[in-house]
Structures are given as C-alpha cells and as structure tokens.
Amino acid sequence: MENKERKDNRISNRIWVHVAVALYGLACIWLYYHQSLADLNGVAPIAYQSDLPAHLSMVLQDHWYYSFTAYAYVFLSWLCNGNTIGIALFLAGVTVASVYATENLLCLFVKEKAKTWGTLALALSLNFVMPIFIRVVGEFRYVSYQSPNVWHNSTYLCMKLVALITIWYYFRLAEHYEKGISLKEWIIFMLLNVLCTGIKPSFLLAFSPIMGIFLLVDLFRKVPLKNILIFGSALLPSGLVILWQNAVLFGDDTGNGMGFDPWYSFSLHTNIPKLAVICSALFCVLVVAATILKDFKDRQYLFVLCMTALGFLEALCLVENGSRSVDGNFLWGYGFCLFVLFVLCAVKCVESLWSKDQTMARRIPWIAFSIVYAWHLWCGIFFFVRLLLGEGFFMR
C-alpha cells in the first residue's frame, strides 16, 4: 500500500510539472505573437523587440530562403491567411518540445531511463538558465554575455530542439556503433543532422569536428574501420546543406564574408569581456573544476567539454564581415554548447548532492554550486518575465 501511495504521489507531482510546462508554452505563444507584430522601424525602445519580424520579412516579403524554417513560415502564413498566430503557435510548440528533449538528454546522462517529476522539473529549469547579471561587467542582461537560452531568435529556437535530439541520438548510437548500426539508425541520424544544419549550421560546426576526433581515436582503439566510416558518413549530406547556406549567406553578391578577430564579438556590448565569459557559465566552471579529474575518462563528459571548447573558440575568434559584422552570428553554436554543458553539470551536481557516499562536509561545495545555479535560474526567469511585459532583448 505504501509503495502504491508513493507511486501515485510521483505521478501526481509529474502531472503538476506538466501543467507548469503547459503554462510556459502559453506564455511563449503570447510572447512570440507579440514579437511577430513588433515594428522594428519604430522609435526606441521598441516593444517586444526580437529578430522574428526581420526573419519573417526576409522570407515572406523578400523571398530570401536562408533556413529550412522559411518554408514552415511560408506554409503557416498561408494557412492562417497572413496572420502570424500560426507561427507563434509553432515556435511555442518547439519551445515546449525542447523541455522534453532536454529531459531525454538529462536522463541519458544520468543513465536512468525512468522519468520522474524531478527530471522534468530540472529540464524545465534548464530552459530558463541565463548568464549571471552583474552590471559593472556588462550593462545588458543578454547581449553583454553569452546565453544558453534565448527567446528572440526563431532559428536558434528551432535548431536547439533538433540539436538536442541529434546529440541525444548520437550518444545512443555511440554506445554500440562499434558493433554496427542499422540502415534505419544511419538514415535517422543523417536526416537529423541535415534538418538541424538546414535550420542553422551553428550546431554542426561545433559538433562534427569533435565527432570526427572521437572516431579517429576509436580507430586506434581497434574499432573496425568499416563501422567508423559508416557512422561518420551520416554527416556527409549535411555538408551539401552547408554549401547551399554558404552560397546564400556569403555569396559574391552579398558583400559578406568571414574573418578572424579574437574577442571582437565578445566585446561589442561588454565592459569586461573575460568576466562576462565567466558570468555566463559560472555554475559550469565550478562543476567542471570539481569533477574533471574524477570523470575525465567518461566519453560523454569529455565529448561535451570538447564540443563546448570548440564552440567557444569559434565564437571567440570568428566574425562576419559586411552588413552582419555586429550580429555575432558565430555565438549561436557556443550558446547551444553551453546549454548542453549546463545539462551535464546539473546532472553532476544533483548526483553529488544525493549520493549516499557523500558526507555532509563533502556536500557543502555542491550546496554552494546549487546556489550559483539558482542565481543563473533567477536571472533567466527575471529576463523572461520582462520579455512577456514587452521589453526587448537589449534590456538592462
């Protein structure tokens, strides 16, 4: 009887978290709809300022198809007779789905298949974490830092969902690919990478080189070359998508290109760029410092660290030349890597806090890390609420 009551309580608690996720989705519908109607040519401050109106204008008026999301926007605009409510519903659905995709990745890191109210609640909280805001470091809550979560860029929102599914599926295949993967698994992994790249190439630029390095290491671990080539070949079709996007974004008639300028993007709106980098990921920095020696041989852990390091270097050094030079578009890949690192570090923190082998003295640092996580979470919730009230992403 007692076990049944505990089970019923767990189910009831999880239902309440589902309700919280649904409320989050409703809030996002409100936010994205008002963002879609914002007049970017109006007098500052612009209510509900975001990138969405510009994205919609490029697609629906200029017919500039720079991302797979463009085709979704054209269809939804037609379906709703030109009203943007369909696009708002779509983006809200993507945002809610990202919470559940986060939970899947979180459970994979925990190596626990059971989903509880706790895993879903943690996944929801992870979709709110933002940089720790310290005004003397950077005066803007978002643009002065590097954030794992945003609500103003529709292509990042869509890429984030598919990238979460892609990296989750990669880790699942990596567990057994040395024995071979099926044609179905290869096709699914290939299509996920193509879709994710077609939405925004940022994920592939950070993910694929690290996957390639790990495959090369596996070659020296005597994994059959045939299986390595089959697994790695799933990324090749994404290269064709990159070529298409390169022609659209950096063609000769665009006047845009790429350059090497360390710290340029990080310094655009920040008073102390190096401290801004730390404030953006302070929780992760602390957790990695406490676990790297113990968990360094964990392949998932090492993969996420390497991917985040590469994403950071790309964001740090690469810039666009031309009209998009101040847009910081190489930050998107690092932002997603940061998100995955937050997920992994949250798992490490929870496991250490609840480990039966930990003494109270050893739990004290993890309690402190949890407080830092709560600070990240508070900054994100505060930012999101102010977005709902009509502020733009250049808020102070």
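Residues numbered from 1 in each chain as written. Predicted model: local features only at pLDDT ≥ 70, side-chain atom pairs only at ≥ 80, totals over all residues. Heavy atoms only, no water.

## Considering the overall build of the protein chain
Counted only if it meets this: Only runs of H or I of at least four residues qualify as helices and only runs of E of at least two qualify as strands under DSSP, and these elements are numbered from the N terminus. Based on C-alpha atoms, the radius of gyration is set beside the globule rule, defined as 2.2 Å times the residue count to the power 0.38. Buried, partly exposed and exposed residues are distinguished by accessible area as a fraction of the type maximum, computed with a 1.4 Å probe on protein chains only: under 20%, between the cut-offs, and over 50%, respectively. Contacts are residue-level and defined by heavy atoms, with any inter-residue pair within 4.5 Å sufficient.
The helix and strand tally for the protein chain stands at 15 helices and two strands. Against the 2.2 N^0.38 benchmark of 21 Å for 396 residues, the protein chain shows a C-alpha radius of gyration of 21 Å, consistent with a compact globule. Over its C-alpha atoms, taken along the principal directions, the protein chain stretches across nearly 60 × 50 × 45 Å. Per-residue burial over the protein chain gives 51% buried out of 396 residues. Counting only contacts in the protein chain whose residues sit at least 6 apart along the sequence, the fraction spanning at least 24 positions is 73%.

## Looking at the layout of surface pockets
Basically, it comes down to this: Note on definitions: the grid is 1 Å and covers protein atoms alone; a cavity is a set of points where a 1.4 Å probe fits but cannot get out; a pocket is an open set with protein on both sides within 12 Å along at least five of seven lines; lining residues have an atom within 4 Å of a point. Grid points are joined across faces, edges and corners, and a volume is the space filled by probe spheres set on the points.
In this structure, the second largest pocket encloses a volume near 620 Å³. If you go around the second largest pocket, you meet 19 residues; those closest to its centre are T116, G118, T119, V350 and W354. Ranked by residue count, the leading element in the lining of the second largest pocket is helix α5 (residues 117-126), at seven residues.

## Some remarks on the packing of aromatic side chains
Counted only if it meets this: Note on ring pairs: Phe, Tyr and Trp rings are taken, using the six-membered ring of Trp, and paired if centres are within 6.5 Å. Classes follow the plane angle, with under 30 degrees stacked, over 60 edge-to-face and the rest tilted. Lysine and arginine charges are scored as sitting over a ring when NZ or CZ, respectively, is within 6 Å of the ring centre and within 35 degrees of the ring normal.
Taken as a whole and judged by the stated rule, the model has 33 aromatic pairs. Taking 6.3 Å as the distance between ring centres and 40° as the angle between the ring planes, the aromatic pair formed by W168 and Y169 counts as tilted. In this structure an aromatic cluster arises from ring pairing among F109, Y170, F171, Y177, F189, F203, F207, F214, F231, F303 and F336. Its end group placed over the ring of F339, K160 keeps NZ or CZ at 4.2 Å from the ring centre.

## Description of the environment of F266
Topologically, F266 is positioned in the loop between β1 (257-260) and α11 (273-280). A relative accessible area of 2% places F266 in the buried class. Sequence separation between F266 and S147 is 119 residues; the distance between their C-alpha atoms is 12 Å.

## Concerning the pattern of salt bridges
Quick reminder of the rule: We define a salt bridge as a contact between a side-chain nitrogen of Lys or Arg and a carboxyl oxygen of Asp or Glu at a distance within 4 Å.
Using the criterion set out here, one finds six salt bridges in the structure. Two residues, K294 and D295, come together in a salt bridge whose shortest N-O distance is 3.1 Å. According to the relative accessible area criterion, K294 is exposed, its value standing at 64%. Exposure remark for D295: the relative accessible area of 12% places this residue in the buried category. Residue K348 is joined to D295 by a salt bridge in which the shortest nitrogen-to-oxygen separation is 3.1 Å. With K348 in helix α14 (residues 331-354) and D295 in helix α12 (residues 282-295), this pair connects stretches of sequence that are 53 residues apart. With respect to class, K348 is no different from D295; both count as buried. Several salt bridges share partner residues, and in doing so they unite D218, R221 and R299 into one network.

## Regarding the nonpolar core
The condition is simple: As used here, the term nonpolar core means buried Ala, Val, Leu, Ile, Met, Phe, Trp, Tyr and Cys residues forming a set that is joined through side-chain atoms within 4.5 Å.
If you look at the biggest cluster of nonpolar residues, it comprises 119 residues, and the most contacted ones within it are F109, W151, F189, F207, F283, F303 and M307. If you tally residues by element for this core, the top one is α14, at 15 residues. Residues contacting F109, with those up to four places away along its chain left out, are F171, Q300, V304, V340, V343, L344, V347 and E351.

## Side note on helix α6 (residues 154-174)
Stated precisely, the cut-off is as follows: The span you would expect from a helix comes to 1.5 Å times its residue count less one.
End to end, α6 covers 30 Å across 21 residues, agreeing with the expected 30 Å (1.5 Å per residue, within 8%). Here α6 lies mainly inside the structure; 17 of its 21 residues are buried.

## Things to note about the state of the cysteines
The test is simple: Cysteine sulfurs are considered disulfide-paired once they come within 2.5 Å of each other.
One pass over the structure, following the stated rule, counts zero disulfides. C337 supplies the cysteine sulfur nearest to C306, a cysteine that is in no disulfide, at a spacing of 11 Å. A relative accessible area of 29% means that C306 is categorised as partly exposed. This cysteine, C345, is not joined by any disulfide, and C284 carries the nearest cysteine sulfur, 4.1 Å off.

## A closer look at a nonpolar patch on the surface
To keep things clear, this is the line we draw: Candidate patch residues must exceed 30% relative accessible area and have no salt bridge, after which like charges are joined if within 9 Å and Val, Leu, Ile, Met, Phe, Trp or Tyr side chains if within 5 Å. Residue-level accessible areas treat just the shown protein chains as cover; the underlying method is Shrake-Rupley with a 1.4 Å probe.
On the surface, I11, I15, W16, V19, L23 and L26 cluster together to form a nonpolar patch covering roughly 630 Å² of accessible area. Topologically, I15 is positioned in helix α1 (residues 2-36).

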